[in-house]
Amino acid sequence: MSRSAHPAGPRHADVLPEGHYSAPPADLNALDPKVWARTVGRDEHGVLTVGGIDVKQLAEEFGTPAYILDEADFRARARAWRTAFGSDADVFYAGKAFLSRAVVRWLHEEGLNLDVCSGGELATALSAGMPADRIAFHGNNKSPAEIERAVRAGVGRIVLDSFQEIVRVAHIAQSLGKRQRVQIRITVGVEAHTHEFIATAHEDQKFGIPLAGGQAAEAVRRALQLDGLEVIGIHSHIGSQIFDMSGFEVAAHRVVGLLREIRDEHGIELPEIDLGGGLGIAYTSDDDPREPHEIAKALTEIVTRECEAARLSTPRISVEPGRAIVGPTAFTLYEVGTVKPLEGLRTYVSVDGGMSDNIRTALYDAEYSVALASRGSDAEPMLCRVVGKHCESGDIVVRDAFLPGDLAPGDLIAVPATGAYCRSMASNYNHVLRPPVVAVDGGGARVIVRRETEEDLLRLDVG
Ligand code: LLP
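Residues numbered from 1 in each chain as written. Predicted model: local features only at pLDDT ≥ 70, side-chain atom pairs only at ≥ 80, totals over all residues. Heavy atoms only, no water.

Some thoughts on the site of the ligand
Okay, so step 1: E320, R323, R360, Y364 and Y421 are the nearest of the 19 residues found near the ligand.
Okay, so step 2: At 3.4 Å from an oxygen atom of the ligand is found a side-chain nitrogen or oxygen belonging to K96.
Okay, so step 3: Measuring from a nitrogen atom of the ligand, one finds a side-chain N or O atom of Y364 at 2.7 Å.
Okay, so step 4: For the ligand, whose accessible area on its own is 570 Å², the fraction buried by protein is 89%.
Okay, so step 5: In the shell around the ligand, the residues fall into five nonpolar, eight polar and six charged.
Okay, so step 6: Here the shell around the ligand spans two domains, and each of domain 1 (41–70 + 328–457) and domain 2 (138–321) adds at least three residues to it. (Near = heavy atom within 4 Å. Polar contact = N/O pair within 3.5 Å; in protein donor to acceptor, adjacent residues only side chain to side chain. Areas by Shrake-Rupley, 256 points an atom, 1.4 Å probe, with all protein chains shown as cover. Nonpolar A, V, L, I, M, F, W, Y, C, P; charged D, E, K, R; others polar. Domains from an automatic or database assignment.)

Here it is in structure tokens:
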């Protein structure tokens, strides 16, 4: 079997996995602030509210399913990262987690930079007015057209991912009469996920140039010789949904080791290092993420210490959080369609979306929380599996969760922490229409990405 669990949600089994909570929470109406956006609460009738609006009103106005995004929370988290790293470092929001023009404007206003990894993300960033010099362009197979567009636009950096790309970008920049600022992405032999990291393996993947065997040093050597490139630094990204800083420690040690080699061989100290993204968030109450200021302090200390030991001046650090900024700021609002108890097993709760709006459970065995949103309830808890409306038994949104025993068709339920990698990975499977993203703030709500329509579907199908 080729399938393997994604570390973002490894606890998976047919009924309840070992170590999983086996008892229902004391109060099913309680909302753990770790997993819900900051302005989420309940009104006097127990109805979930966000940004001062109740979800029944949101469902009426915008329909379900819908991603409901707390703008104030997004801005606060973006600002917290910016402030934590201060003026000696740069925060690049990873657009792959979720990108829209409103998000680009918020980032711009809050002083963050943006990491894009395709022509589409670059187009979104530029069309919303992100200054090109605050954009980093990533990807392991950027097309010549994408590279040309990025160079012409004047992006602040292109992160080079292979020997071929070093030559390709240099050639395109030179032919446009430009010198492109670049970082070289290396694989340091560290892979970190959740509570653990593994060093020495994990160079067997498509991204970056391995440090092993002097390949990364050779890449730098070649890039330094090319007139079209200005090599500004080294990039390393070690994984996703990371809680344990020790993987970053080993990565920083190895990146700084390369900076020292470069200094010794070429007599230059590269001015920047990027340690990527991957910082974890809470999907359930079991997860314990760190605050941006703790992460900033830890990373800065690691890099400073390593550089002192190598007698290098400390380079400017950048980081690329995506999930940690947008993930907790949104929840998905669904309407319950059917409630099907299976004797001795659990109750299947079918909602009006599913794997087309959240593929993470099916793809990575990711875990989510869920709550009854349209009312409070004192009913006894029942063990549920929240499933979608797709023609596939793996169409699961929340594998195991307790919901009130009086749950019924027409109730609204909300799945928190769906801001990252849900809308951005949404599909049209079964020609189900992708939900809108609704931003709420200070008692107002507006659509920032509209719901897909059947006209949208048919427009692409040219018959
Ligand atoms: N920088 C680079 C170079 C990356 O490849 C990524 C994520 C990030 C930053 C942002 O990572 P974050 O802070 O958001 O974890 N679809 C998967 C996650 C894929 C992440 C890919 N790269 C998921 O849903 O868990």
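Some remarks on the domain arrangement of the chain
Okay, so step 1: Domain parsing of the chain yields domain 1 (41–70 + 328–457) and domain 2 (138–321).
Okay, so step 2: In this structure, domain 1 and domain 2 have C-alpha centres spaced 37 Å apart.
Okay, so step 3: Each partner contributes to the interface: domain 1 provides six residues, whereas domain 2 provides four residues.
Okay, so step 4: Interface area for domain 1 against domain 2, summed over the two sides, is near 500 Å², with a carbon-plus-sulfur share of 58%.
Okay, so step 5: The interface formed by domain 1 and domain 2 includes zero salt bridges.
Okay, so step 6: Linking domain 1 with domain 2 are two residue pairs in polar contact (both at pLDDT 80 or more).
Okay, so step 7: Looking at side-chain class alone, the side of domain 1 that touches domain 2 contains three nonpolar, one polar and two charged residues. (Contact = heavy atoms within 4.5 Å. Buried area = accessible area lost by both parts, 1.4 Å probe. Salt bridge = Lys/Arg side-chain N within 4 Å of Asp/Glu carboxyl O.)

Side note on the sheet that holds strand β1 (residues 41–42)
Okay, so step 1: Strand order across the open sheet formed by three strands is β1-β2-β3, with antiparallel pairing between neighbours. Looking at the sheet topology across the chains shown, the edges are occupied by β1 and β3 (53–54).
Okay, so step 2: Inspection of the sheet shows β1 paired to strand β2 (residues 48–50) by two bridges, in the antiparallel sense. By the bridge assignment for β2, R42 is matched with L48. (Pairing = 2+ DSSP bridges. Helix = DSSP H or I, 4+ residues; strand = E, 2+ residues; numbered from the N terminus.)

Let's talk about the pairing of strand β21 (residues 412–416)
Okay, so step 1: Within β21, five of the five residues are buried, leaving the element largely enclosed by the surrounding structure.
Okay, so step 2: Burial along β21 is two-sided: the face carrying L412, A414 and P416 and the face carrying I413 and V415 are both buried.
Okay, so step 3: Summarising the sheet, strand β16 (residues 330–342) and β21 pair through five bridges and their orientation is antiparallel. Each bridged residue has a counterpart across the sheet, and for Y334 the counterpart in β21 is I413. (Buried < 20%, exposed > 50% of the residue type's maximum accessible area, 1.4 Å probe, protein only.)

So, the pairing of strand β23 (residues 444–449)
Okay, so step 1: Where strand β22 (residues 437–441) and β23 come together, five bridges link them in antiparallel fashion. Counted as the bridge partner of D441 is G444 from β23.
Okay, so step 2: A loop of two residues connects β22 with β23, the two strands running antiparallel in sequence, and G442 in this loop sits at a positive phi of about 50°.

Quick word on helix α4 (residues 119–127)
Okay, so step 1: Taken residue by residue, α4 has G119, E121, L122 and A125 as its buried positions. End-on, the buried residues of α4 take up no more than an arc of 160°, which puts them together on one face.
Okay, so step 2: Of the surrounding elements, those touching the buried residues of α4 are α3 (101–109), β6 (113–116), β7 (135–137) and α5 (144–153). (Arc of directions from axis to C-beta.)

Some details on the side chain of Q180
Okay, so step 1: Structurally, Q180 is set in strand β9 (residues 180–187).
Okay, so step 2: Assessed through its relative accessible area of 4%, Q180 is described here as buried.
Okay, so step 3: Residues in contact with Q180, not counting those within four places in the same chain, are V151, V155, G156, R157, I158, V169, A173, G228, L229 and E230.

Some words on the UniProt feature "domain: Orn/DAP/Arg decarboxylase 2 C-terminal" (unreviewed entry) in the chain
Okay, so step 1: This chain's UniProt record puts "domain: Orn/DAP/Arg decarboxylase 2 C-terminal" (unreviewed entry) on residues 332–419.
Okay, so step 2: Annotated as residues 332–419, this span is 6% helix and 45% strand, and its ends, taken at the C-alpha atoms, are 8 Å apart. (UniProt positions renumbered as here; feature names shortened; annotations may be inferred.)

Examining the confidence of the model for the chain
Predicted coordinates in regions of low pLDDT should not be interpreted in detail.
Okay, so step 1: On average, residues of the chain score 94 in pLDDT, and 95% of them reach the 70 mark or higher.
Okay, so step 2: Low pLDDT (under 50) marks residues 1–14, which in the prediction has 27 contacts with non-local residues, meaning those over four places away or in another chain. (pLDDT = per-residue confidence, 0-100.)

A few points about the packing of aromatic side chains
How two aromatic rings sit relative to each other is given by the distance of their centres and the angle of their planes.
Okay, so step 1: The full count for this structure, using the stated rule, is five aromatic pairs.
Okay, so step 2: One aromatic cluster in this structure is built from F74, Y93 and W106. (Phe/Tyr/Trp six-rings, centres within 6.5 Å; stacked < 30°, edge-to-face > 60°.)

A word on helix α9 (residues 292–309)
Okay, so step 1: With 18 residues, α9 extends 26 Å from end C-alpha to end C-alpha; this agrees with the ideal 26 Å at 1.5 Å per step.
Okay, so step 2: Every buried residue of α9 is listed here: P292, I295, A296, A298, L299, I302, V303, E306 and C307.
Okay, so step 3: Residues of α9 that are buried make contact with α2 (71–85), α8 (246–266), β14 (272–274) and β15 (316–319).
Okay, so step 4: Positioned one or two residues after α9, R311 has a phi angle of 55°, which is positive. (Expected span 1.5 Å × (residues − 1).)

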